[in-house]
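A look at the structure
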Amino acid sequence: MENYKKLLEKFSSACDWASIREYKEVTDLVMARNAKPDQISTGESHGVMVEVLYGGQISYAGTCDLTNEGIQKAFDKALTFAIKTKQNNLCNFDDSIRPANQGDYQTKTQIPFEAVSLAQLQSNLVDITKALKVSDEIIEASAWAMLTKTNINYISTNGANWSQEFCIVSKDFSATASRDNENQTRSYGMNGRQLGLEDIDMTLLLKEAKRVGSQAVELLDAEECPTDQLDLIMAPDQLYLQVHESIGHPLELDRILGDERNYAGWSFIGPDDFGKRQYGSDLLNVTFDPTLTSEMASYVFDDNGVKASKEYLIKDGVLLRGIGGIESQTRSNIPGVSCARSCDWNRPPMDRMGNINIEPGDTSIEDMIKGVKKGIIMYTNRSWSIDDYRNKFQFGCEYAKLIEDGKITKTLKNPNYRGVTDSFWMNLDKVGDKSTYEIWGSPYCGKGEPNQSIRVGHAIPTCLFKNIEVFGGA
Amino acid sequence: MENYFNQISQYILSKKQTEEEVTVTLSGEKTQFVRFNKSKVRQSTDVNQLNLSIAIQKDEKEYSFDFSITGILDNDQSKVDDIYETCRSRMLDMAKATFFVPFKNNGSSSVSNIGELIEITELTNILCDETAHVDLAGILTSGISYRGNINSLGQSHWFESASFCVDYSLYSAKEKAVKGSYGGSTFELGAFKAILDESIRNLKHMEKDNKVLTPGKYRCYLAPAAINEILDTFCWGGTSQGALKQGSSPLLPYENEGKRLSPHFTLNEDFSLGLTSQFNEDGEVFTKKLPIFKNGQLENLLVSSRTAKEYGYKSNAAGAEESLRSPVIETGDLCREDILKQLGTGLYISNLHYLNWSDQKQGRITGMTRFACFWVENGEIIAPIKDLRFDDTIYQFWGENLEQITDFAETELDNHTYSERTLGGTQCPGMLVKDFNFTL
Ligand SMILES: [Zn+2]
């Protein structure tokens, strides 16, 4: 950091403000298939992003050349761009959008990544694929784990100086069962958490692998999901993606401001909706929560250096806040959260989801099922699609159960449902209690031009929705 | 850059011990990205990035390590020293690879498509000036991409390409939008203005009130950009021999039961497009042109060396993903002037959005209409439509419901930029399809 400090001292006379963000991320990917080891690989990305404020606009230049000359060159490029295109700035910022915060953050881990070799981790995954193969009808069983360690150091001309270290374990495993030209796949569900290797709890995972393998075979005998309007209970491993696509993305302030219109799209939510719009039934409470230990996108500072805190986006069904960092808040005058993030050293920060959670309610899963005359429980996402305003959606799941007169009666295959966000959340009828609450997260939320794939977290209880259009396979 | 890659590769190969074989790959770019909103600059990013990958094989074990380098030999040599040591020590207790494919010498090649790109600030100001009277959102990408591959058995490949692309959409006051793009190696103001003017004209067509259609089956013309979206989704697991054996492919009935798509449908992997390197990540060189479907008949799936080894096929030098890198759908005989007449009454769909397999094993894809899509009656455009969700199978819309294919095709550059600029692209014609299924 001393070296960066000296460089910034040099830069400061030529521009209104500047910062250096050093980003290093190391990812080990370990795989196993069909009771045998598969590939192991490691990737390391390391570089710096120089931000330069000049004439009201921030220009960025990222470089993997970490020498003083390399960073100087990046600064010169960013500054030159800012000077020469000054008349075409969209925004007119000053350095108040980059507060001078100091401090650090580190993922709390019990077992550090270094404690186990990649070969040992792979042998655990091999065991999981063995457990998945519950019968000869399993034709494919695979497992993977990804260990990611990210270090960010940030320093600016106005005194910001902070560091964050994230340790993230992502994993999934799945089994495909086959009979008479029909194939059915069941998986654990891709999940990422901020944890150490304690997340690879083999006692638990082997038990889960047996369940996943058995359910894949069970699907070969299952009935097709019916086409109907029914009560739908969503398990957290499906509902988290519903929240992601139909609450997270449409509330992003940069989308509402139109930045994203050429790629991911706009939003059915407008600037005037905040503070008054009934987004869902009054059971709906959605938070941005960067403080939940072990959730994928917990942090202390976003990549604009703004301190992050838990905030309600939707309270008792009413829309209060957008998912927008300090730049979007300044542009729109809409309350937001500290969520400006970038996925690597070579991309600028923009509004990202972070951890977007549904706060648990007070209904147990037993009571939820008891209250359903005819309905379906769906588990584990397998297909997702939504329009560019985030309204008309369709989701497919791997596995479902039929509920008749308050009891689970049958297993169903190829379950799907569709709806429109605008009215969907009004159908929320029951919110599961703490015992149904699970922490999920995806390493791959795509957005932005240039494109960025980033980690998001979703902590979600099981929920019941009334009157949903459900349907089966082709 | 080619020289630098040779230098650092030779240094790496010089460290190799006799029982080791090594492949060195480089992926890099010098790119400028400028993001626009309301025809102004929202964000600009200059990127200088170089990634090197060292893959080592020893005792039938394999491990690869991918890392950023600075481009300065002294610094990178000491980085390589560290990484090589890490690889060696980690490989000690690793298991032998299950389907071990030893590195080979797959020959040598060097392709350079470097033109003179216009200076980025100049181009940015031109774009802002020329579009000041409209509401443009989008991205300008300009720069050079590099790909290199050298191994210890004498293989050596290099590919570099300089290009720019303006990918944009225009919005009207009523939130109507059209999509456009202009790219290549030389920016010509006249050509860009012509494309922009056409977008502006199309946006005027959109000014009428939306026609709201009830879900159901409609006769449709799918323009090349819409077909490109479907092809993109199809490539995700659709052309993979491994996926077929592992039970996730939609093409099982085409391999096992002799089913056929429409006789109009011919799909090739065709590197004569020249948009991406013909060698894959292992330096294996794909044939110039391979038919996947010929007149509806499944001819070939993509087979990587690993899948070949595992299931006893012959590899056709596909990449590890076994997905098409340069697909071309062959044209038919529907000429541009006849599109509306042949469509008669139905939907003219210029773009599709957010496609996904809704049931991959059953060949079913869902997605949304987006941008300029119109309701057509008796060969005349009546009004833009309120967006619709489709959910239909490739067996239907590329099978018995495919009526005609246009006699022209459009090349779409792959302009994804996750981690780095993607190379490659597709060439797609438009298609006239009956009973295309809309559900929402
Ligand atoms: Zn997302």
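So, here's what we can say about the structure.

Calculation notes
- Sequence order sets the numbering: in each chain, residues are counted from 1 along the sequence as written.
- Chain letters start at A and ligand numbers start at 1, both assigned in the order the entries are written.
- With pLDDT at 70 or above as the cut-off, local features in this predicted model cover only qualifying residues; side-chain atom pairs require 80 or more to be listed or tallied, and sums for whole chains, interfaces and linings still use all residues.
- No hydrogens and no water enter the side-chain calculation; it runs on all heavy atoms of the structure.
- Only DSSP runs of H or I with at least four residues qualify as helices, and only runs of E with at least two residues qualify as strands; both kinds are numbered from the N terminus onward.
- For the radius of gyration, the atoms used are the C-alpha atoms, and the globule rule reads 2.2 Å times the number of residues raised to 0.38.
- When accessible area is computed with a 1.4 Å probe and restricted to protein chains, residues below 20% of their type maximum are described as buried, those above 50% as exposed, and intermediate ones as partly exposed.
- Accessibility throughout is a Shrake-Rupley quantity obtained with a 1.4 Å probe, and a residue counts as covered only by protein chains that appear here.
- Each metal's donors are the N, O and S atoms found within 2.8 Å of it, except that Na, K and Ca use a 3.2 Å limit; water is left out, so coordination can look incomplete.
- Whether two strands pair comes down to DSSP finding at least two bridges between them.
- The contact definition used throughout considers only heavy atoms, calling two residues in contact when any of these lie within 4.5 Å.
- Polar contact criterion, stated in full: a pair of N or O atoms within 3.5 Å, where within protein one must be able to donate a hydrogen and the other to accept it, and residues adjacent in sequence count only if both atoms are side-chain atoms.
- Aromatic pairing here means that ring centres of Phe, Tyr or Trp (its six-membered ring) are within 6.5 Å. Orientation follows from the plane angle: under 30 degrees is stacked, over 60 is edge-to-face, and everything else is tilted.
- In our convention, an over-ring charge means Lys NZ or Arg CZ found within 6 Å of a ring centre and within 35 degrees of that ring's normal.
- Here the nonpolar core consists of buried residues drawn from Ala, Val, Leu, Ile, Met, Phe, Trp, Tyr and Cys, with membership extended through side-chain atoms lying within 4.5 Å.
- Any residue with an atom within 4 Å of a point lines the site, the site being either a cavity, points on a 1 Å grid over the protein atoms alone where a 1.4 Å probe fits but cannot get out, or a pocket, an open set with protein on both sides within 12 Å along at least 5 of 7 lines.
- Grid points are joined across faces, edges and corners, and a volume is the space filled by probe spheres set on the points.
- Classification convention: Asp, Glu, Lys, Arg as charged; Ala, Val, Leu, Ile, Met, Phe, Trp, Tyr, Cys, Pro as nonpolar; all other residues, Gly among them, as polar.
- The start and end points of each domain follow an automatic or database-based domain assignment.

Moving on, we get to the overall build of chain B. Per the secondary structure count, chain B includes 10 helices and 18 strands. Taken over C-alpha atoms, the radius of gyration comes to 24 Å for chain B, in line with the 22 Å a tight globule of 440 residues would show. Within chain B, buried positions represent 57% of all 440 residues. Just so you have it, chain B exposes about 16,900 Å², and 45% of that area is on carbon and sulfur atoms.

All names here are of chain A. Taken together, H244 (NE2), H249 (NE2) and C445 (SG) make up the full set of protein donors to the zinc ion, lying 2.0 to 2.4 Å away. The sequence pattern describing where the donors of the zinc ion fall on their chain is H-x4-H-x195-C. Taken together, the residues span a long stretch of sequence, with H244 in helix α5 (residues 236-248) and C445 in strand β22 (residues 438-447) at a distance of 201 residues. By relative accessible area, C445 is classed as buried at 3%.

The next subject is the sheet that holds strand β12 (residues 311-315) of chain A. Across the sheet, which stays open at both edges, the 4 strands sit in the order β13-β12-β11-β16 (chain A) with antiparallel pairing between neighbours. Each end of this open sheet is capped by a strand with a single partner; those strands are β13 (318-319) and β16 (356-358) of chain A.

Residue and element names in this part refer to chain A. Inspection of the secondary structure assignment puts T330 in helix α7 (residues 326-332). Between the C-alpha atoms of T330 and I454, which are 124 residues apart in sequence, the distance is 24 Å. The contacts of T330, once residues within four sequence positions are left out, are F93 and I97. A distance of 2.6 Å separates the side chain of T330 from the backbone oxygen of I326, its partner in a polar contact.

Further remarks concern the packing of aromatic side chains. If you walk through the whole model with that rule in mind, you get 43 aromatic pairs over all chains. Here F424 of chain A and F465 of chain A contribute two aromatic rings whose centre-to-centre distance is 4.5 Å and whose plane-to-plane angle is 25°, an arrangement assigned as stacked. On the criterion of sequence distance, the pair formed by F424 of chain A in helix α9 (residues 421-424) and F465 of chain A in strand β24 (residues 463-471) is long-range, its members being 41 residues apart. Taking the relative accessible area as the measure of exposure, F424 of chain A reaches 2% and is therefore buried. A residue is classified by how much of its surface remains accessible, and F465 of chain A, at 0% relative accessible area, is buried. Members of the aromatic cluster, connected to one another through ring pairs, are Y218, F234, Y254, F265, F293, W375, F390, Y395, F397, W398, F436 and F438 of chain B. The lysine or arginine in question, R261 of chain A, covers the ring of Y171 of chain B, its NZ or CZ lying 4.5 Å from the ring centre. Geometry around F471 of chain A places R418 of chain A over its ring, the cationic atom sitting 3.8 Å from the centre.

Moving on, we get to the nonpolar core. Counting residues in hydrophobic clusters, the biggest one holds 140 residues, and the most contacted among them are Y279, I376, Y417 and W425 of chain A together with L52 of chain B. In this structure, F234, A317, V433 and F438 of chain B belong to the second largest nonpolar core, which totals 51 residues.

Rolled over the atoms, a probe with the dimensions of a water molecule shows which regions are left empty. All names here are of chain A. Estimates place the volume of the second largest pocket at around 570 Å³. Every residue lining the second largest pocket is counted, 28 residues in all, and those nearest its centre are E208, R211, D237, E438 and W440. Within the residue set of the lining of the second largest pocket, elements represented by two or more residues are β8 (191-194), α4 (202-220), α5, β17 (374-386) and β22. At 5 residues, the largest contribution of residues to the lining of the second largest pocket is made by α4. Class assignment for the residues of the lining of the second largest pocket results in 12 nonpolar, 6 polar and 10 charged. Split by domain, the lining of the second largest pocket shows at least three residues from each of two domains, domain 1 (2-221) and domain 2 (224-471).

Before going further, it helps to spend a moment on the environment of Y313 of chain B. All names here are of chain B. Its location among the elements puts Y313 in the loop between α8 (305-311) and β12 (327-329). Excluding residues that lie within four positions of it along the chain, Y313 makes contacts with Q241, K245, E255, V303 and A308. Among the polar contacts made by the side chain of Y313, one reaches the side chain of Q241 at a distance of 3.0 Å.

With that settled, consider the pairing of β12 of chain A. All names here are of chain A. Inspection of the sheet shows strand β11 (residues 286-288) paired to β12 by 3 bridges, in the antiparallel sense. Counterpart to T287 in the pairing with β12 is Y312. Both β12 and β13 contribute to a ladder of 2 bridges, which runs antiparallel. Across the sheet, the residue bridging to I314 is L319, located in β13. Where β12 hands over to β13, the hairpin turn is made up of 2 residues, of which D316 adopts a positive phi near 50°.

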